[in-house]
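In case you want the letters, here they are:
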Amino acid sequence: MFSILFTLFLGEILLQVTYRIKENHWLWENKAFRVNYIVQTDDRRQYTLRPNYSDIEYDIHINKWGERITHQDEKLKNNRNVIVCLGDSVPFSAATSGWPTYPAYLAQNLTNEGFKYYIINAGVPSYNLRQSFDRLEFGVFKHVDIENVKVITVQAGNDIALLAYYRENWTPELTWADVRFNIHPIPFANHLAIFHYLSQLISQPKGINKAYDGELMAEKINIILQEELVKLQKSSDDVIVILLPINPFYYQLANTDKNIQLERWDYNYSYVENYDQLTRDFNDVLSDTSSNFDNVFFLDVRIAMDNLDRNDYYSDYIHLNSEGNKLQAQLIFEFLAEKNLIQKHEEQ
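Computed from a predicted model, the values in this text were never measured in an experiment.

Caption draft 1: Representation of the overall build of the chain in the model. Along its length, the chain carries 12 helices and nine strands. Contacts in the chain between residues far apart in sequence, at least 24 positions, make up 74% of those at least 6 positions apart. Summed over all atoms, the accessible surface of the chain reaches about 17,500 Å², with 52% contributed by carbon and sulfur.

Below you can see the structure in the form of structure tokens.
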């Protein structure tokens, strides 16, 4: 018995070291989710941003409604012209400190051009599509009347990562809550390398098509998107919804030979292998679904970035840096203005 326990102990140490070398952090650190500004909820979202929280080190500040502060004139909120930016860590801007999120840049663009709109950054890191829309019901509409919301932008890509993680057990209702909060029937099992690698071995299907069912994902995402858009339309038939694509660092729609020139291409290629087709399928759902609604648009910001050097706009394979946020905000603003989806209002 002692020899078995000793062997398991040595094996655990070796696997922990292997994980540390490969991932650049220890398994128990749960680095991807190790932030203090997330708190559990008792609704379907399972977690949200912690109200009235400030992270001095990273200069992240969250208001009493659990929204990242965009440093606007609060008087604008009374003008009854609100734009809500839904989604995950991209609108939240997990890769930047301070104010330079794309919702904040969008607010700046609108103000500079004389548009009196109040922007709400409703992004929550790691949110999937369902959670992002739930943010309206359980968060935004608690302090903003729905008739005052004129535009909603949506950008959420975690269904792709959740599908890759849970594989054949994935559903659109799954979130990162279990991983984030180490919810496991066996205490501390998420911290043990033996459990980590054993579960990977057991769940690893043979062949990428079996591991990631893109058609099933697209079908289920389409159902959720249709449901949420119909619900919004019933609540407010004039609200504008802008669907934004998952737009990874490596994702060149055209001139794909440029990818190899990207500084971090070698590191990011593993994401391309696993996520590229899924990302395309997901974005196709957004584009196709938008055509079924009069007030829903698909703004393909990937096209503009394909004509630029993506090295300058990303901090990693998915998160925009300050310049990337500035560019995305400009593209959204130009789209809204050119389509006459926003108007100039006198202060009310």
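Caption draft 2: Structural detail: the sheet that holds strand S5 (residues 82-87). With parallel pairing, five strands are arranged side by side in an open sheet as S6-S5-S7-S8-S9. Each edge of the sheet is formed by a strand with only one pairing partner; in this case those strands are strand S6 (118-123) and strand S9 (296-298). Strand-to-strand twist across the sheet, computed as the mean angle between neighbouring axes with direction ignored, equals 15°. Pairing of strand S8 (residues 240-243) with S9, which is carried by three bridges, proceeds in the parallel orientation. Bridge pairing in S9 places Ile-242 opposite Phe-297. Set on the sheet, helix H4 (residues 129-138) makes contact with S5, S6 and strand S7 (149-155); between it and S5 the angle comes to about 150°.

Caption draft 3: The arrangement of the environment of Gly-98 in detail. Here Gly-98 shows up in the loop between helix H2 (89-92) and helix H3 (102-112). Of the residues examined, Gly-98 reaches a relative accessible area of 11% and is grouped as buried. The spacing of Gly-98 and Ile-56 is 42 residues in sequence and 9.5 Å in space, taken between C-alpha atoms. Not counting the four nearest positions on each side in its chain, Gly-98 is found in contact with Tyr-58, Asp-59 and Arg-68.

Caption draft 4: Highlighting the nonpolar core. Residues Val-84, Leu-106, Leu-110, Phe-133, Ile-152 and Ile-242 are the most contacted members of the largest nonpolar core, which totals 90 residues. Residues within four places of Ile-242 in sequence aside, it is in contact with Val-151, Ile-152, Thr-153, Val-154, Phe-297, Leu-299, Phe-335, Leu-336 and Leu-341.

Caption draft 5: Fine view of unusual backbone geometry. The phi angle at Gln-46 is positive, at roughly 80°, despite the residue not being glycine. Locating Gln-46 in the fold gives a position in the loop between strand S1 (38-40) and strand S2 (47-49).

Caption draft 6: Examining the packing of helix H9 (residues 214-235) against helix H10 (residues 265-290) more closely. Viewed as axis vectors pointing N to C, H9 and H10 meet at an angle of 30°, and their least axial separation amounts to 9 Å. In terms of axis orientation, H9 runs roughly parallel to H10. Between H9 and H10 lies a crossing whose hand is right-handed. Taken together, the residues of H10 that come into contact with H9 (itself represented by Gly-214, Met-217, Ala-218, Ile-221, Asn-222, Leu-225, Gln-226 and Leu-229) are Leu-278, Asp-281, Phe-282, Val-285, Leu-286 and Thr-289. Tallied by class, the residues present in the contact of H9 with H10 amount to nine nonpolar, four polar and one charged.

The rules behind each value
Residues numbered from 1 in each chain as written. Predicted model: local features only at pLDDT ≥ 70, side-chain atom pairs only at ≥ 80, totals over all residues. Heavy atoms only, no water. Helix = DSSP H or I, 4+ residues; strand = E, 2+ residues; numbered from the N terminus. Contact = heavy atoms within 4.5 Å. Areas by Shrake-Rupley, 256 points an atom, 1.4 Å probe, with all protein chains shown as cover. Pairing = 2+ DSSP bridges. Axes fitted to C-alpha atoms, helices over the stretch in contact; angles between N-to-C directions. Buried < 20%, exposed > 50% of the residue type's maximum accessible area, 1.4 Å probe, protein only. Core = buried A, V, L, I, M, F, W, Y, C linked by side-chain atoms within 4.5 Å. Parallel < 35°, antiparallel > 145°, perpendicular 65-115°, else oblique. Left-handed = near helix turned anticlockwise from the far one by under 90°. Nonpolar A, V, L, I, M, F, W, Y, C, P; charged D, E, K, R; others polar.

Such coordinate-based values are descriptive only and should not be taken to indicate function.
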